[in-house]
Amino acid sequence: MKILKRMTLASAGVSVMYIALAALLPFTELSFRTWAVILGQMITFLLTPLLGISILIALLWKNEYAGDAIKGVVTLFTVLVCGLGSFFICIVILLLADDERPLTRHLLVVRKEYENSMYYRPIALFFRKQTVVTDEDKLDYLSEKYDRTFFMENGNGRIYEPNHTELTITVRLRDVVFTDDYVEQMTVSYLLEGYEMLDMDRPCSMIEAGADSYTFLCLKGEGYDDIEPLATDISTLCGYAMAMAAVDSGTSVYEEHFGNIFFTFGEGDDAWLENVSFPDAQNDLAGLEARVRTACQREFDKRARQNGSHKSDASDTTSHAESDNADNTASAGEGNDGTQTDPQIDAARAVYDAFLAAEGYSFEVCYNAKGNLYIDLGNKTDEESGQLYHYRLVYDRPSKNDRCELFVLYRSTEGSEEAIMDMFAVERGSGRVVSSGKKAWGDVGTEEYREITGE
């Protein structure tokens, strides 16, 4: 009983302090950290009342004049009411809590529903202070992410890294995450240096790609017979870049982050673009060559099928009948009839099976006039609006880390532009499908989606 009284007294003291501080903090620049708010509310509105009720029940059982039946009924009723009340109190406290995340060690972002994100500095242990994002925060973000020192020139705000003073690193704030082009810029610098040092005569160019229009090096392939030499050149350049990164920093940045190199075939409207990510280690360069060869041969084979057996219609799309083994959702390989399956179609089928089949969509494999894959899902009436929509699942590209195939689900009505309904990632090998929840190219996407794609 003494221990119970002491716990109740301590809990009541904490509750009084919390309520007093909660009343005073609005008059200062400080506020409670999200976890401190949750902890304080749990103690004030849950623990303290429960301890008080426990003391009352203990006193009831010590009362000699109260019968055992009365004691039992009162105790049971109290436990049921307290249990149900505690459950609802916990739900309310957690649902009303802010979504607080650390952007750096010295910067927090708080995202409230229906409100813009707000930024805070953590103060001491329990408190935070509202702030704005500064250039120093960008330097902190880069230093923590890459475990190296970055500097900023006074006056123009140019961010650079000592081993690459010629680069100007761009850091963008996307609501609740930072993004940067340090690895992309450093990779281009290494690749161009290797291109010159190795006296390569293959045509190359600089291109912009991705949602943030980062710059990448792109090598040009000259035709089907050039697949093998192109794969060798890409492997050689990537190996050079990885070796130089290891020399600069002692450990290669590509062990944790992804470098990319692009390559292209064809001219004008017939041109197609691919990219591959650097392997994790130098001894995986042979695997990189194999990936390049596979991607090129797959594209050439697809175009050969299209040119040999398909015709464009008025909407510049071409229908492609499903093969006998289109239901196979395994990785790329041979189908049951001995023919080669298309990994992109297999990935599209995995998206369909995981998210769309249960909704009653159809599945028709098609290619547009440029030979790009999409799945015609047919028409479906929206239950809320009664509007008839047409749906397509369109292959987008490989993910930034080259682990996944990316697809976009579009919806449209006659005479209107297509709207994005979701974006999906399909992990190669495992066939795991992840929905991003994105409805626009600029959306961040779910944490699981960002983790599996490296974007």
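Above this text you will find the structure in question.
To start, this report covers the structure provided alongside it. (Residues numbered from 1 in each chain as written. Predicted model: local features only at pLDDT ≥ 70, side-chain atom pairs only at ≥ 80, totals over all residues. Heavy atoms only, no water.)

Let's talk about the overall build of the chain
Put simply, the rule reads: Runs of H or I in DSSP of at least four residues are treated as helices and runs of E of at least two as strands, each being numbered from the N terminus. Between two residues, a contact is recorded if the distance between any of their heavy atoms is within 4.5 Å. Methods summary: accessible areas were calculated by the Shrake-Rupley approach with a probe of 1.4 Å, and residue burial reflects only the protein chains presented.
Summing up its helical and strand segments, the chain has nine helices and 21 strands in all. Considering only residue pairs separated by 6 or more positions, the chain has 49% of its internal contacts joining residues 24 or more positions apart. In the structure as shown, the chain presents an accessible area of about 24,800 Å², 55% of it carried by carbon and sulfur atoms.

As for the packing of helix α2 (residues 34-62) against helix α3 (residues 68-95)
Threshold: All axes are obtained by fitting lines to C-alpha atoms, using only the stretch in contact for helices, and the reported angles, taken between N-to-C directions, cover 0 to 180 degrees. In what follows, roughly perpendicular refers to angles from 65 to 115 degrees, roughly parallel to angles under 35, roughly antiparallel to angles over 145, and oblique to any angle outside these ranges. Residue classes follow a fixed rule: Ala, Val, Leu, Ile, Met, Phe, Trp, Tyr, Cys and Pro count as nonpolar, while Asp, Glu, Lys and Arg count as charged, and any other residue, Gly among them, counts as polar.
The interhelical angle for the contact between α2 and α3, taken along N-to-C directions, is 180°, at an axis separation of 11 Å. Between α2 and α3, the crossing angle belongs to the class labelled roughly antiparallel. Listed contacts from α3 to Ile 38, Gln 41, Met 42, Phe 45, Leu 46, Leu 50, Ile 53, Ile 57, Leu 60 and Trp 61 of α2 are Lys 71, Gly 72, Val 74, Thr 75, Thr 78, Cys 82, Ser 86, Ile 89, Cys 90, Ile 93 and Leu 94. Per-class residue counts for the contact of α2 with α3 are 15 nonpolar, five polar and one charged.

Structural notes on the environment of Ala 241
Cut-off, in case you're wondering: Exposure is judged per residue with a 1.4 Å probe applied to protein chains only, and the accessible area is read against the type maximum: over 50% gives exposed, under 20% gives buried, and values in between give partly exposed.
Looking at the element boundaries, Ala 241 is found in helix α6 (residues 227-249). Residue Ala 241 is classed as buried on the basis of its relative accessible area, which comes to 0%.

Concerning the sheet that holds strand β14 (residues 272-277)
Formally: When DSSP locates at least two bridges between a pair of strands, those strands are taken to pair.
Taken together, the four strands give an open sheet; going across it, the order is β11-β12-β13-β14, and neighbouring strands pair in mixed fashion. Strand pairing shows two members of the sheet lacking a second neighbour, β11 (204-209) and β14, which therefore form its edges. Sheet twist, expressed as the mean angle between neighbouring strand axes with direction ignored, is 35°. When β11 meets strand β12 (residues 214-220), the two strands line up antiparallel, connected through six bridges.

A few points about the packing of aromatic side chains
The relative placement of two aromatic rings is captured by the distance of their centres and the angle of their planes. Under the convention used in this document: Ring pairs shown here join Phe, Tyr and Trp side chains whose ring centres sit within 6.5 Å, with only the six-membered ring taken for Trp; geometry is labelled stacked below 30 degrees between planes, edge-to-face above 60, and tilted in between. Throughout this description, the term charge over a ring refers to an Arg CZ or Lys NZ atom that lies within 6 Å of the ring centre and within 35 degrees of the ring normal.
Counting across every chain of the model gives 21 aromatic pairs. On the numbers, 5.0 Å between centres and 45° between planes, the contact of Phe 355 with Phe 424 is tilted. Of the two residues, Phe 355 is situated in helix α8 (residues 343-356) and Phe 424 in strand β20 (residues 419-427); the sequence distance between them amounts to 69 residues. Looking at Phe 355, the relative accessible area reads 35%, which means it is partly exposed. Of the aromatic side chains, those joined through ring pairs into one cluster are Tyr 18, Phe 32, Trp 35, Phe 126 and Phe 127. For Arg 349, the ring lying beneath its charged end belongs to Phe 363, and the centroid distance is 3.9 Å. One residue, Arg 411, lies across the ring of Tyr 389, its end atom 3.7 Å from the ring centre.

Some remarks on helix α1 (residues 2-24)
Here is the rule: One fewer than the residue count of a helix, multiplied by 1.5 Å, yields its expected span.
With 23 residues, α1 should cover 33 Å at 1.5 Å per step; its first-to-last C-alpha distance of 33 Å lies within 8% of that length. Regarding α1, the residues found buried are Thr 8, Ser 11, Ser 15 and Tyr 18.

What to know about the sheet that holds strand β3 (residues 107-111)
Strand pairs in the sheet, formed through backbone hydrogen bonds, run parallel or antiparallel to each other. Ordered in space as β1-β5-β4-β3-β2, the five strands form an open sheet in which the pairing is antiparallel. Edge positions in the sheet fall to β1 (30-32) and β2 (99-104), since each of these pairs with one other strand and no more. For this sheet, the mean angle separating the axes of adjacent strands, direction not counted, is 40°. In this sheet, β3 lies alongside β2 in antiparallel orientation, the contact comprising five bridges. Bridge pairing in β3 links Asp 99 to Arg 111. Docked against the sheet, helix α4 (residues 135-146) engages β2, β3 and β4 (118-123), running at close to 80° with respect to β2.

As for the environment of Ser 213
Take Ser 213: it is sitting in the loop between β11 and β12. Here Ser 213 falls in the partly exposed class, since its relative accessible area comes to 38%.

Some details on the pattern of salt bridges
To keep things clear, this is the line we draw: Salt bridges are defined by distance alone: a side-chain nitrogen of Lys or Arg within 4 Å of a carboxyl oxygen of Asp or Glu.
Scanning the model with the defined rule gives 23 salt bridges in all. In this structure, the salt-bridge partner of Lys 400 is Glu 184, at a minimum N-O distance of 2.8 Å. Note that Lys 400 is positioned in the loop between β18 (388-398) and β19 (404-412) and Glu 184 in helix α5 (residues 182-197), a separation of 216 residues in sequence. Linked through salt bridges whose partners overlap, the residues forming this network are Arg 33, Asp 98, Glu 100 and Arg 128.

So, the pairing of strand β5 (residues 127-131)
Both faces of the sheet carry side chains from a regular strand, because those side chains alternate between them. Here β1 runs beside β5; their pairing, made up of three bridges, is antiparallel. Each residue of the ladder has a partner; that of Leu 30, found in β5, is Lys 129. Looking at chain direction, β4 and β5 are connected through five bridges and run antiparallel. Paired with Ile 123 across the bridge in β5 is Phe 127. Between the antiparallel neighbours β4 and β5 lie three residues, among them Ala 124 with a positive phi of about 50°.

Description of the nonpolar core
Threshold: Among the buried residues, those of types Ala, Val, Leu, Ile, Met, Phe, Trp, Tyr and Cys that are joined through side-chain atoms within 4.5 Å form a nonpolar core.
By size, the foremost hydrophobic cluster in this structure holds 47 residues, and its most contacted members are Ile 234, Tyr 254, Ile 261 and Phe 263. The element contributing the most residues to this core is α6, with nine residues. Beyond its immediate chain neighbours, meaning those up to four positions away, Phe 263 contacts Cys 218, Leu 219, Leu 230, Ile 234, Trp 272, Leu 273, Glu 274, Asn 275, Val 276, Val 292, Ala 295 and Cys 296. Ranked by size, the runner-up nonpolar core spans 23 residues in total, among them Ala 350, Tyr 352, Tyr 367 and Tyr 389.

With respect to the pairing of β20
Counting buried positions along β20 gives seven out of nine residues, so the element sits mostly inside the fold. Strand direction decides the pairing type here: β19 and β20, joined by eight bridges, are antiparallel. The partner of Leu 406 across the bridge, within β20, is Ala 425. Pairing geometry for β20 and strand β21 (residues 433-435), over three bridges, is antiparallel. Bridged to Ala 425 within β21 is Val 434. Adjacent in sequence and paired antiparallel, β20 and β21 are bridged by five residues, among which Gly 429 carries a positive phi angle near 85°.

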